[in-house]
Amino acid sequence: MPKANRIEPGSQRRRNLKRHSPWILCGCNRQCYITLITGCYNCEWQIKQEKKSRPGPCCCSWREQLFYPFLIFSFLLSVVLLFVWIETSNEYFGFDWVISLGTGYWFFWSIVLLSLFGILAAYCTLLMVLAFLLVWEGYEPNLHWCHKVLVLLVILICSFFLWILCKYWQERWLTAGLSLQIFAPYVHLSSITVMVILSWPVGFYLIHLEEEARIRRYKMTYYDRGRTKRCNILTKLRALQVAIGLPFFLILLCLYVMPLGIHSPCIQEEGKLGPKPDFFGHRGAPMLGPENTMMSFEKAVEQGAYGLESDVQLSYDQVPFLMHDNDLRRTTNIREVLPNASFIHASFFQWSFLSTLNAGKWFVQSRLKPFYKMKPLSKADREKAENQTIPKLTDLLELAQKEKKFVIFDLNAPPQKHPLRNTYIRHVVSVILDSKIEQHLILWLPNFDRQYVRNAAPGFQQVGRLFSIERLTKENISRINVDYKRLFHSRLSDYKAANIKINLYIVNEPWLYSLAWCCRIHSVTTDNIHILSQLNQPYFFMTPGYYMFMWLLMDSVSAVLIITIFYFHWWREHKKEMFDNASIHTDIQEPGPDIETESWKTPGLWPPSSHPKFPKLSDIQTPSGSQKPPSTRPSDQHYPPKEDVKPPVTPQREGQTTSVPQGESQTTSVPQEEHQTTDIPPQGSHQTDPLL
């Protein structure tokens, strides 16, 4: 199809820009927009026209093609790491506690890493979007070397943290897997939405490649079709279409049939939903009061706790007291009272000294608060927290007896050289029996010397771990206390069938509690009792019929939208091609200047507004790639030599034609010694592409 350097009127050029420019440019200046995305991606704040993307199967250089997989890989790594860290928010307190043990300094390191991973994912996403926008606007995406260094740094950082999770914290992957069990239906629906969004750039690029292949086929004559180079280009175009389109449609097809393989415990009929799990206050209510203090346990009782969970240590003078950590640095003012003894094990102190320590001032300090989502304390609660001390085990038993609450605790063995190193179990049992608490309120968890406990206190309810059902039945254990990650355990249904109650620890997130609810778990140990107690129905609960309706609706709507998007891109390219063809034919039919009535003027004296513009023959494309039109300069056609400027003489009509009727060929007569002619095919003589 012949093309010429067309001359568009101002109004026509504006209509062309308004018709074919992207929708995002309707509200802002195009030049500023191009400068912004180019500056952010290429770090070049001046637009260079020669930086336009090159025609062909790829829009960038081979170096950019080699680096672009690294950008995609960094994006995927950062998104995976961010997803895993978000879904394991239930473990943030444990992570911060482990870091504080090593550093001796309490801080929300989990939130710092969450922010870091979010920044990395946002940065890689921004680069991907900018690259697409540059390709969309027709500019070559040349990533600046600073961005390339940062992308490689993102890959190293994400790889390092993923290696840490795989090496030292493998259980976090189980938490992410549990989240997929409850979020699977919503991930499915969200993934279809993402595929609809991605269909816009995918459709744009596939249609663009199709148009490129069509144009190249159209330019090829019968003899050119056998050339290896042209065939290789067409093969590359088709290969790119397959490499982009095939994975997209395969993923889309898998998403359409994914519900056939989804099993979510929260997709069930409402009548089959089990009762709401009971709550054990983990160290009381540590979000409402200092952990392992009487204020914390009282707050748990106020929130309707089914039982109270704690940790028991033994002082050097054989007094059981409540303390989780082995030292007193985090939850007491030992550093102010006795700085040199802050690293000594808590069991080596006398109770007379332990009872004088303050166990609540740390809780009211914003820097040391244990949970990021803690609500501000009231003035009364703040004053009460500041006056808390380390309680004894008997204080907790007295409260449990008064409120008829169950008590479960971890009993830490004393260190070596402690007086009760070998007899601590029997001593604690005797203290419990002396407190006159009802024995059935005690859920005995320690596994050491269990036979003695069963004989000395037959009323204690024995709590086991994830033992075999035969062992649990033999030892008369009716309840097990397991980590919530064991929800993956396929034998949990066997425990429930054997009438063995299951308690999960530690469940803080509402989605995790909802999953336990849908799995018919009997009770959970939680720090977040004031939030979980307000749930009246599991999160993300839906009936099978409702999910089926949403599945079919999303599949149908997404299919219609994707087809519409692909059709829009095809229509846009088709209209653009038709507009270009119409402009070319209009320019060819416009007559040149009337040399019979106008005087010759030197080109340098013409004002810019009246300077005639002529088509460049370098832009004129001939149907045949083997035949090249002779070059005709505008100065040779209309101007005499500069050294001999004379008034125009009316040319003879016999050897020169000055006007070209529509449908006829045009011939320009030049002086005899040049014999240059320009052949422009008539309007209806070109071939018509069957794809149009």
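Below, the discussion takes up the nonpolar core. Core analysis: the biggest nonpolar cluster contains 71 residues, and Ile432, Trp444 and Leu504 have the highest contact counts within it. In terms of residue count, the dominant contributor to this core is helix α19 (residues 510-518) (7 residues). With sequence-adjacent residues up to four places away left out, Leu504 is seen in contact with Val482, Asp483, Tyr484, Leu487, Ala516, Ile521, Ser523, Val524 and Thr525.

Quick look at the confidence of the model for the protein now. Detailed reading of predicted coordinates is not advised where the pLDDT is low. When pLDDT is averaged along the protein, the result is 79; 75% of the residues meet or exceed 70. Between the elements of the protein, mean pLDDT differs from a low of 44, seen in helix α22 (residues 634-638), to a high of 96, seen in strand β3 (residues 320-322). Across residues 1-8 the pLDDT falls below 50, and counting only partners more than four positions away or on other chains, this stretch makes 27 contacts in the model. Scored below 50 in pLDDT, residues 594-647 makes 62 contacts in the model with residues more than four places away or belonging to other chains.

Quick look at the state of the cysteines now. One pass over the structure, following the stated rule, counts 0 disulfides. Unpaired in terms of disulfides, Cys146 finds its nearest cysteine sulfur in Cys43, a separation of 5.9 Å. Residue Cys146 is classed as partly exposed on the basis of its relative accessible area of 32%.

Bringing the packing of aromatic side chains into the picture now. A complete count under the given rule lists 34 aromatic pairs for this structure. Ring centres of Phe280 and Tyr306 lie 5.5 Å apart, and the angle between their planes is 85 degrees; on these two criteria the pair is classed as edge-to-face. Separated by 26 residues along the polypeptide, Phe280 in strand β1 (residues 278-282) and Tyr306 in the loop between α9 (294-302) and β2 (307-314) bring together distant segments of the chain. A relative accessible area of 24% means that Tyr306 is categorised as partly exposed. Between the aromatic rings of Tyr424 and Phe448, the centroid separation amounts to 6.1 Å while the plane-to-plane angle is 5 degrees, which identifies the pairing as stacked. Of the two residues, Tyr424 is situated in helix α15 (residues 424-434) and Phe448 in the loop between β5 (442-444) and α16 (450-456); the sequence distance between them amounts to 24 residues. Through pairs of rings, three or more aromatic residues link up here, namely Trp85, Tyr92, Phe95, Phe117, Phe160, Phe161 and Trp169.

Before going further, it helps to spend a moment on the environment of Asn499. Along the chain, Asn499 turns up in the loop between α18 (492-497) and β8 (501-505). Once the C-alpha coordinates of Asn499 and Ser478 are considered, the two residues, 21 residues apart in sequence, prove to be 7.5 Å apart.

The rules we used
Residues numbered from 1 in each chain as written. Predicted model: local features only at pLDDT ≥ 70, side-chain atom pairs only at ≥ 80, totals over all residues. Heavy atoms only, no water. Core = buried A, V, L, I, M, F, W, Y, C linked by side-chain atoms within 4.5 Å. Buried < 20%, exposed > 50% of the residue type's maximum accessible area, 1.4 Å probe, protein only. Helix = DSSP H or I, 4+ residues; strand = E, 2+ residues; numbered from the N terminus. Contact = heavy atoms within 4.5 Å. pLDDT = per-residue confidence, 0-100. Disulfide = S-S within 2.5 Å. Phe/Tyr/Trp six-rings, centres within 6.5 Å; stacked < 30°, edge-to-face > 60°.

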